[in-house]
Structures are given as C-alpha cells and as structure tokens.
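Structural features, examined
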2 protein chains.
Amino acid sequence: MTTLLALFRRPEGGAAALDAFEHAYAQTHLPLIAATPGLRSMRSDRVVEGLGAATDLVLITAMTFDDRATLDAGLASEEMRVAGRNLRQIAPGLSTLLVLEDASELVPVDWR
Amino acid sequence: MTTLLALFRRPEGGAAALDAFEHAYAQTHLPLIAATPGLRSMRSDRVVEGLGAATDLVLITAMTFDDRATLDAGLASEEMRVAGRNLRQIAPGLSTLLVLEDASELVPVDWR
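Just so we're clear, the structure is a prediction, and the values are computed from it rather than from any experiment.

1. Some details on the sheet that holds strand 1 (residues 2-9) of chain B
Ordered by their spatial adjacency, 8 strands build a closed barrel running 1(A)-3(A)-2(A)-4(B)-1(B)-3(B)-2(B)-4(A), and the pairing between neighbours is antiparallel. Taken over all neighbouring pairs, the strand axes of this sheet differ in orientation by 35 degrees on average, direction set aside. Pairing geometry for strand 2 (residues 41-51) of chain A and strand 4 (residues 95-102) of chain B, over 6 bridges, is antiparallel. Across the sheet, Arg-46 of chain A pairs through a bridge with Glu-101 of chain B, a residue of strand 4 of chain B.

2. Thoughts on the packing of helix 1 (residues 14-34) of chain A against helix 3 (residues 78-90) of chain A
Residues and elements named next belong to chain A. At their nearest, the axes of helix 1 and helix 3 sit 9 Å apart, and the two run at 170 degrees to each other. On the basis of their axis angle, the class for helix 1 and helix 3 is roughly antiparallel. Residues Phe-21, Ala-24, Tyr-25, Thr-28, His-29, Leu-32 and Ile-33 of helix 1 lie in contact with helix 3, whose contacting residues are Met-80, Val-82, Ala-83, Asn-86, Leu-87 and Ile-90. Split by residue class, the contact of helix 1 with helix 3 holds 10 nonpolar, 3 polar and no charged.

3. Comments concerning the interface of chain B and chain A
Opposite the 42 residues of chain B that make contact, chain A presents 42 residues. Between chain B and chain A lies a buried interface of about 3,500 Å² when both sides are counted; carbon and sulfur atoms form 64% of it. Three residues, Leu-51, Leu-106 and Trp-111 of chain B, lead the burial of chain B against chain A; their summed loss comes to 21% of the area buried on that side. Taken together, the connections running from chain B to chain A amount to 6 salt bridges. The salt bridge partner of Arg-68 of chain A is Glu-49 of chain B, with a shortest N-O separation of 2.5 Å. Broken down by element, the residue count for the side of chain B that touches chain A peaks at 11 residues, all from strand 2 (residues 41-51) of chain B. Residues of the side of chain B that touches chain A, tallied by class, amount to 26 nonpolar, 6 polar and 10 charged.

4. Some points on the side chain of Thr-36 of chain A
All names here are of chain A. For Thr-36, the location among the structural elements is in the loop between helix 1 and strand 2. Within polar-contact distance, the side chain of Thr-36 engages the backbone oxygen of Ile-33 at 2.8 Å. In this structure Thr-36 touches Phe-65, Gly-74, Ser-77, Glu-79 and Met-80, once residues within four positions along its chain are discounted.

5. Re the relation of the copies chain B and chain A
Rotating chain B by 180 degrees and moving it 0.0 Å along the rotation axis overlays it on chain A with an RMSD of 0.0 Å. In symmetry terms, the pair is related by a two-fold rotation axis.

6. What about the confidence of the model for chain A?
Summary statistics for chain A give a mean pLDDT of 97 and a share of 100% for residues scoring 70 or more. Across the interfaces of the predicted complex, the ipTM metric reaches 0.95, alongside a pTM of 0.96.

7. Focus: the side chain of Asp-45 of chain A
By secondary structure assignment, the location of Asp-45 of chain A is in strand 2. One polar contact links Asp-45 of chain A to Arg-43 of chain A, side chain to side chain, over a distance of 2.9 Å. If sequence neighbours within four positions are ignored, Asp-45 of chain A has contacts with Val-58, Leu-59 and Ile-60 of chain A together with Thr-3, Leu-100, Glu-101, Asp-102 and Ala-103 of chain B.

Definitions and cut-offs
Every residue gets a number counted from 1 within its own chain, in the order that chain's sequence is written. Whichever chain is written first is A, and whichever ligand is written first is 1; the rest continue in order. With pLDDT at 70 or above as the cut-off, local features in this predicted model cover only qualifying residues; side-chain atom pairs require 80 or more to be listed or tallied, and sums for whole chains, interfaces and linings still use all residues. To get the side-chain values, all heavy atoms of the structure are used, and hydrogens and water are removed first. Only when DSSP finds a minimum of two bridges between them are two strands counted as paired. Helix and strand definitions follow DSSP, with helices as H or I runs of at least four residues and strands as E runs of at least two, each counted in order from the N terminus. The axes used here are C-alpha line fits, helices contributing only the stretch in contact, and every angle between their N-to-C directions lies in the interval 0 to 180 degrees. Angles are sorted into four bins: roughly parallel if under 35 degrees, roughly antiparallel if over 145, roughly perpendicular if 65 to 115, and oblique for all others. The criterion used for residue contact is that any of the two residues' heavy atoms lie within 4.5 Å. Polar here means any residue other than Ala, Val, Leu, Ile, Met, Phe, Trp, Tyr, Cys and Pro, which are nonpolar, and Asp, Glu, Lys and Arg, which are charged; Gly is therefore polar. Buried area is a sum: the accessible area each of two parts loses on coming together, probed at 1.4 Å, counted once for each and added. Here, a salt bridge means any side-chain nitrogen of Lys or Arg that lies within 4 Å of a carboxyl oxygen of Asp or Glu. Side-chain atoms alone can form a polar contact between residues adjacent in sequence; in general such a contact is a pair of N or O atoms within 3.5 Å, and within protein one must be able to donate a hydrogen while the other accepts it. The copies were overlaid with a least-squares fit restricted to C-alpha atoms from residues scoring a pLDDT of at least 70 in each copy. Per-residue confidence from the predictor is given as pLDDT, running between 0 and 100.

Right, dumping it as structure tokens:
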C-alpha cells in the first residue's frame, strides 16, 4: 500500500485562524480529495501534543492508494490539481506532503 | 482513538547507517513497543519521497490506543520506559513523538 501523508503546520493568527483553516479544509479541501481517482481511504487526526518537544504541526491526513502507480495517476488527475489549487489558497506554505510505502515487515509478526 | 506517532529522521552515515537503524528498530525496539499495556495496533511506513520539497524523514510508526488515558498509562509503563531507553541508544535525537486525536468529523461522511 502507498500512502500520501499531508502534515499541516499551525497557521498564524491564533485559535481563530486554526478554526478557519479546519473549517475550510473540511468543507472545501477534503471533498475535493475524496474525488481523486484510486483513493482507497482517508483519515485525519489532530496533533494535540508533541512529547518531549513542542510541535508546530496541527493536523495530519493519510490518504491511501493500492500502489505507487495508482497514487501517481491520482496526483496527475484533474481532481487532485483542483485540490492542490484549493490547498494553496486555504493553507499557503503550511503543508508537507510525503509518500509512504508500507514497511510492515519491520513490525512483529503478531501485529502485522 | 488516540495515536502515538513516531517520526524518524535520517541518521548520519548514508545507506549503511539507515540499514543499521532499521534493523535495530525492527529487532529491538518494536518488540519492546509491542509489549506496551493498552497498545491496540502498530504500523510502520517508510518515507520514500517528499512531494515538492525534500524531506529528512525516513520512517513513521503509528501506535494506537483506545483513548488518551490508556496512552498515558502505556507511556508511564515499565515496558515503555525500557523502549524509550532503547530508542535513545539506536536513534539518538532522531525521533519526534506526537500525540494525535481522531478528527474523523472533518472527513466526508462516506469516507469515515
């Protein structure tokens, strides 16, 4: 499985700016992401605390695809282009996008 | 659901150092993590690429617990103390630990 992981840093402007980002993200961005061809699942989590050190991250979304080719086709789609444009409007410069590949062979057998 | 997310940066020393870290992580660290009271699931993914910008992250592990109280009890356990000591040996200064809380209300209803 291939995962597109989006990490979002805290916007400037305090709690009101964070609320506005979350609202726009849920109302405008994730519905666009949901239309991406090949998307298998999506999941969002709030970052509530960094352990041992403060973090500037506030939200993380994982989007899974069957494999890298399917992700690449999704990234090249019109739907993802529109979603990318939207993201640059609602969270300019605040996101990091990572491509992850399943490494379940590292995990103890009983937990795979 | 509460998730403990561990993000690992690339160790110095090239591919050999990364291989050594992965080996120690799989053979010594994750078996210790697996013994943590209250752990519900664990999952590791390799970071294979940053989109739009390079990344120094190489591995991400998600460990889930029923709720924050269960995670806190797990973090305070002898098992996690031993795992933390191990981590400081095999990847000193290379990890970021985040506490995440499910934000599925942000996701379109059909995808929750």
